[in-house]
Amino acid sequence: MKKNLDIYAEQTRIASSQNVDIIVFPEDGIYGLNFNRDTIKPYLEDIPDPTEITWNPCNQSEYTNGVEVQITLSCMARNNGIYIVANMGDKKVCDADSICPDDGQRQYNTDVVFDPQGNLVARYHKQHLYFEAQFDTPSTVERVTFDTPFGKFGIITCFDILFKSPAVDLVEDLGVKNVIFPTAWMDSLPLLSAIQFHSAFAKLFKVNLLAANLHFPLFNFHGSGIYSPRRTEAYYYNDGLFSPGKLLIADVKSSPTHYRRHQVVPDTHGFRGGNSLGASFVHGQDTAEVNTQSRRNGGHYNTASRNGIISHQLADQASGVHLNNDLGPLTHRSIRNRIHNHAHLHRVNRHMVENGWATIMADNDNYQYLPLTEPKAKVKICQNEVCCYLDYQKQNTSNDELYALGVFDGLHQIEGLSWYTQVCVLLKCEFTDIASCGQPTKIAAGHFEYLKLWGTFTTEYVFPEVLVSDDGKLRLEHEHWKYLHNRIEFVNRGKESPLLSATLYGRHYDRDNSTVSNSV
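This section reports on the structure supplied with the text. What you see is a predicted model; the values in this text were computed from it and never measured. (Residues numbered from 1 in each chain as written. Predicted model: local features only at pLDDT ≥ 70, side-chain atom pairs only at ≥ 80, totals over all residues. Heavy atoms only, no water.)

### Digging into helix α1 (residues 2-17)
If you check α1, its first and last C-alpha atoms are 23 Å apart, about what 16 residues at 1.5 Å a residue would give, namely 22 Å. Of all the positions in α1, only N4, L5, I7, Y8, Q11, T12, A15 and S16 are classed as buried. (Helix = DSSP H or I, 4+ residues; strand = E, 2+ residues; numbered from the N terminus. Expected span 1.5 Å × (residues − 1). Buried < 20%, exposed > 50% of the residue type's maximum accessible area, 1.4 Å probe, protein only.)

### Concerning the packing of aromatic side chains
Counted under the stated rule, the structure contains 29 aromatic pairs. Plain terms: the ring middles of F150 and F153 are 5.8 Å apart, the flat faces sit at 85 degrees to each other, and that makes the pair edge-to-face. Judged by relative accessible area, which is 5%, F150 ranks as buried. Here the aromatic rings of Y392 and F448 are separated by 6.3 Å at their centres, their planes lie at 75 degrees, and the arrangement is edge-to-face. (Phe/Tyr/Trp six-rings, centres within 6.5 Å; stacked < 30°, edge-to-face > 60°.)

### Notes on the pattern of salt bridges
What the rule picks out here adds up to 19 salt bridges. For D239, the salt bridge identified is with K442, shortest N-O distance 2.7 Å. With D239 in the loop between β11 (232-236) and β12 (246-253) and K442 in the loop between β22 (417-428) and β23 (448-456), the pair connects residues that are 203 residues apart, well separated along the chain. A salt bridge links D239 to K473; the shortest N-O distance between them is 2.5 Å. Note that D239 is positioned in the loop between β11 and β12 and K473 in strand β25 (residues 473-476), a separation of 234 residues in sequence. For K473, a relative accessible area of 26% gives the class partly exposed. A single salt-bridge network, built from bridges that share partners, covers R37, K41, D103 and D136. (Salt bridge = Lys/Arg side-chain N within 4 Å of Asp/Glu carboxyl O.)

### Thoughts on the packing of α1 against helix α2 (residues 68-80)
Running from N to C, α1 and α2 point in directions that differ by 15 degrees, and their axes come no closer than 10 Å. Regarding the angle of α1 to α2, the classification is roughly parallel. Remark: the crossing between α1 and α2 carries right-handed chirality. Contacts from L5, Y8, A9, T12, R13 and S16 in α1 reach V69, T72, L73, M76 and N80 in α2. The residue inventory of the contact of α1 with α2, partitioned by class, reads six nonpolar, four polar and one charged. (Axes fitted to C-alpha atoms, helices over the stretch in contact; angles between N-to-C directions. Parallel < 35°, antiparallel > 145°, perpendicular 65-115°, else oblique. Left-handed = near helix turned anticlockwise from the far one by under 90°. Contact = heavy atoms within 4.5 Å. Nonpolar A, V, L, I, M, F, W, Y, C, P; charged D, E, K, R; others polar.)

The structure is reproduced here in structure tokens:
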């Protein structure tokens, strides 16, 4: 943990030297992953509520017992004159009249924010836990914001982003334009890789999203970014097995274009298939401009997002396993030894890997696919209340690849967790048989002259995603794509990368606890 904090200090110093106003570190970045309720306890601190008391740990450094991490972060912020956002663990002794865990305390996955003077200005307890037995779910949803000279910020953590409260509430009810997002996100292709969905969140809600992810490619933790409504200011995706993390820095506009809702009925003339069902609830066109300016000039701020943890101490301290991503030269033996050292993590986290992001499009999610066998066509496919429409022309017609139009309208469930989605997706299938469509792949060579994808949804929350392939590496593409309402359009200008997927990912928040069948 001390080594990680030393790396935080070095990255903060670098960011401050480049006039950065706010730096964000990833979820679990201080003490790592894979704890149970007991093994996490040595890493927890009692973090006060800054709305109730004024707390500057750096000024109280003589009281070091039990608040060492808070002191370190507070002094780090004050010594560098910068806002710092970090993720750590909070503990609270239960009140006598409250329902309490057997150990007498509540434990929370917590984000903290320190201002440039070292004051604690925000504390957020993560609401939506993802197989985190070491932590408790807050009894009420916290909607946490903090004000800075360069704008108002809201905070959410990882799995929170898929649910309405508090993520959407911050934007719609509290008017937040800048969202802080520490995360430990495991990629899930083809719909929920980190850079794919996080950039779509910024586009849909017309906010800046500062996403700092763990960098642990062996288990698909990768992909950080500074996302604005119209473009990605900076992002880092590197799935090399022992690749390093990276400090991202960008200058962004602090007040993106206002988020609006609209209602339109799509033009369905000339499309093969069944009838359209109902009207689509959609969102306004992105029009925000993001300019590069000097620090805190003209409504801008300079931000940094730190990707990755360099040193990672496992929960099982007795095992003596210490994971270090600062690896040096790789040899066959060193790779073998490092994979052996990671085996403990795999055993502990197999529940999350097998039941989590890795099976986001499991067999029980009844996606239907229509293969795109013609070089040019207008097609549609429907399921339940959702119809998806695609107007396209391929640039090449190789028989070595299969693209398909997919639809899903139903409840996705994982071991007691569930969320309701309505999805239209154009994707490259893993192989050339329709049964492989929806399986993860990063390889694509297909190009389109043009395409237009839209659909009918009964939710107003439809996230526009585009993911391309660069020699097997995931990349974002914005230059040649338009996002109009619940519609994605593309016209070839000769420079685009091969398409992996174009997706309209709808979230029906009010059906998350439903028992709606996934049948056709």
